[in-house]
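Residue-level structural notes
Given next are the chains, with one letter for each unit.
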Amino acid sequence: MSMALTKITSISNIYPEGSVRYNLERKFSKIIHEELQLRNLVSYVGNKNIPFLRIYRYKEAFSFDLVREFLKRFEATSDDYVFDPFSGMGTTLFTSMIRGIPSIGTDLLPVAHFVSKTLPKFLFLKENEVKRVWESLKPKINLYEPADVALDVPIMKKAFDESTLLTLRKLKAAIDDLPEEYRDIFLLMFFSILEECSFVSKDGQFLRIRRDKKIENPINAMSKKVAQVEEDIRRIKLFYPNLTLDKHILPEVYLADSRDLRGVPFKKQPTILITSPPYVNRYDYTRTYSLELCFHFVKNFEELKAIRFRILRSHIESKLSKDEKPPHPAVEEVVNALHKKKLNNPRIPHMITAYFVDMEKVIREWYRVLHPEAKVAMVVDNVRFEGEMVPVDLILSEMAENVGFSVEKIIVARYKGNSAQQMRKYGKVPVRESIVIWRR
């Protein structure tokens, strides 16, 4: 029995003996092992001191050091071509560029596509460049008419007081008027101050409204962000004194769907894939990042909803068509068990089914586009609903095997707890957050 299973004590405490999930755990037990030193690398926390990656809080991201570690394990060189199909804030692409390795990324969430495309541009900034632009822009902000934003989305009026919202809209209009080489840089900084200038906090599945929260003045917040960027321009030289950058290896980033990559113009077959898909944990990215979306990417609530129903179906509002069935026996087992229980949301089984239907399409696309010897490292999170454990790492790995991938390792990076409600009803069971290693 592997160290990871020893940690859990016994799989029979989690699944009925002889069940599909029980047999799946037994099947992969010899390649499941713990590397708990990676626990802080599978979250955004690891980026808090990394130049430029600390500028924008994309809380679902993994860390720079995780990507660096797996590029090292995969013996990546400048001849490789790295792919992140769920680019998020672009950590994989940014780290690859620092290492001089060409990369490509896709994401269907517009704000993620924008951030992952923009962050590498910060590496080419010179000292005092951002400060100079900001000092020139600041006196003109009040002269601008407020930018159009999606005011019919309810959170926009709940998140800000009237004065702050007006200032933010004028600041946005001023940024939109900047020369092209600075517009995206300042827009990313603008997105990074929205939370601190609002009554909301990114917390779990939603933006939580906190009326007792101290609100930052947008101009002051932007000035502090400019100072942070200037500090990082200096710090990156200390981190990488011999860093030489070539704009020819700027990551290519496309607003595209990982379930169908036919429109993505790969320069060649990717040899390394490092990613983390959305977790099947009910989080709705269009709610978490609704402020950013409403300030720039959508004109109204209907456009926001269109994005919600277009992205990978990992949230509770996911729609399931009548002909879509659980694509794996373990998924069917979980869904059948949950249908017999009183759930706090009856749509949970639909979400789980939709998620794995989508991820099966994703895995098939990866197999189609990757180089025949490509290596994959994917961070995934197991989940537990009403006492029913969903071994996401194992289900996706068996799906990958069925397509043609070889499953080499399942690395347990950390164990997460359960909600207090679940522990009271079903006891405490460690839930794995894993890094699955596959080879094409």
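See the structure shown above.
Small disclaimer: the values here were computed from a predicted structure and weren't measured. (Residues numbered from 1 in each chain as written. Predicted model: local features only at pLDDT ≥ 70, side-chain atom pairs only at ≥ 80, totals over all residues. Heavy atoms only, no water.)

Helix and strand counts for the protein chain stand at 17 helices and 12 strands. Its C-alpha radius of gyration of 22 Å places the protein chain within 12% of the 22 Å reference for a compact globule of 440 residues. Reported as C-alpha extents along the three principal axes, the dimensions of the protein chain are approximately 70 × 50 × 40 Å. Looking at the 440 residues of the protein chain, the share that counts as buried comes to 59%. Within the protein chain, counting contacts between residues at least 6 apart in sequence, those at least 24 apart form 77% of the total. A total accessible area of about 19,100 Å² is found for the protein chain, and carbon and sulfur atoms account for 48% of it. (Helix = DSSP H or I, 4+ residues; strand = E, 2+ residues; numbered from the N terminus. Rg over C-alpha atoms; globule rule 2.2 N^0.38 Å. Buried < 20%, exposed > 50% of the residue type's maximum accessible area, 1.4 Å probe, protein only. Contact = heavy atoms within 4.5 Å. Areas by Shrake-Rupley, 256 points an atom, 1.4 Å probe, with all protein chains shown as cover.)

Side chains of nonpolar character tend, in soluble globular proteins, to be buried together. Grouped together as the largest cluster of nonpolar side chains are 72 residues, with contacts concentrated most on Phe-52, Phe-122, Phe-186 and Phe-190. Ignoring any residue separated from it by four or fewer positions in sequence, one finds Phe-122 in contact with Phe-52, Ile-55, Ile-185, Leu-188, Met-189 and Val-229. Grouped together as the second largest cluster of nonpolar side chains are 53 residues, Met-351, Tyr-355, Leu-370 and Leu-396 included. (Core = buried A, V, L, I, M, F, W, Y, C linked by side-chain atoms within 4.5 Å.)

Here we take up the pairing of strand E8 (residues 375-381). Most of E8 sits inside the fold, with seven of its seven residues counted as buried. Burial along E8 is two-sided: Lys-375, Ala-377, Val-379 and Asp-381 facing one way and Val-376, Met-378 and Val-380 facing the other are all buried. Both strand E7 (residues 272-275) and E8 contribute to a ladder of four bridges, which runs parallel. Across the sheet, the residue bridging to Leu-273 is Val-376, located in E8. In this sheet, strand E12 (residues 431-439) lies alongside E8 in antiparallel orientation, the contact comprising seven bridges. (Pairing = 2+ DSSP bridges.)

Pairing is mixed across the open sheet formed by eight strands, whose spatial order is E1-E11-E12-E8-E7-E2-E3-E6. With partners counted over all chains shown, the strands left at the sheet margins are strand E1 (32-34) and strand E6 (252-255), one partner each. This sheet shows a mean twist of 20° between the axes of neighbouring strands, independent of strand direction. (Axes fitted to C-alpha atoms, helices over the stretch in contact; angles between N-to-C directions.)

Turning next to the packing of helix H14 (residues 329-339) against helix H15 (residues 348-369). For the pair H14 and H15, interaxial distance at closest approach is 9 Å and the crossing angle is 170°. As the angle between them shows, H14 and H15 are arranged roughly antiparallel. Facing Val-331, Val-334, Val-335, Leu-338 and His-339 of H14, the residues of H15 in contact are Ile-348, Pro-349, Ile-352, Thr-353 and Phe-356. Across the contact of H14 with H15, the residue classes tally to eight nonpolar, two polar and no charged. (Parallel < 35°, antiparallel > 145°, perpendicular 65-115°, else oblique. Nonpolar A, V, L, I, M, F, W, Y, C, P; charged D, E, K, R; others polar.)

Looking at the element boundaries, Glu-34 is found in strand E1. A polar side-chain atom of Glu-34 sits 2.7 Å from a polar atom in the side chain of Tyr-415. (Polar contact = N/O pair within 3.5 Å; in protein donor to acceptor, adjacent residues only side chain to side chain.)

Okay, the pattern of salt bridges next. Side chains that carry opposite charge are capable of pairing whenever their charged atoms lie near each other. Scanning the model with the defined rule gives 36 salt bridges in all. With its nearest N and O atoms 2.7 Å apart, the salt bridge here joins Arg-21 to Glu-333. Of this pair, Arg-21 sits in helix H2 (residues 20-28) while Glu-333 sits in helix H14, placing them 312 residues apart in sequence. Both residues of the pair, Arg-21 and Glu-333, belong to the buried class. For the salt bridge of Asp-232 with Arg-54, the shortest nitrogen-to-oxygen distance reads 2.7 Å. Taken together, the positions of Asp-232 in helix H10 (residues 218-239) and Arg-54 in the loop between E1 and helix H3 (64-73) put the pair 178 residues apart, joining distant regions of the chain. Summarising the burial analysis for this pair, Asp-232 and Arg-54 share the class buried. Within the structure, one salt-bridge network assembled from shared partners comprises Asp-257, Arg-259, Arg-313, Glu-324 and Asp-358. (Salt bridge = Lys/Arg side-chain N within 4 Å of Asp/Glu carboxyl O.)

Let us now look at helix H5 (residues 110-118). The element H5 is extensively covered by neighbouring structure, given that eight of its nine residues are classed as buried. Structurally, H5 contributes buried residues whose contacts are with helix H4 (91-98), strand E3 (103-107), helix H9 (180-193), E6, helix H12 (290-297) and helix H13 (301-308).

On to the environment of Leu-41, then. Checked against the element boundaries, Leu-41 lands in the loop between E1 and H3. Separated by 20 residues in the primary sequence, Leu-41 and Ala-61 have C-alpha atoms spaced 9.7 Å apart. Apart from residues lying up to four places away in sequence, Leu-41 is in contact with Phe-62, Ser-63, Asp-65 and Leu-66.

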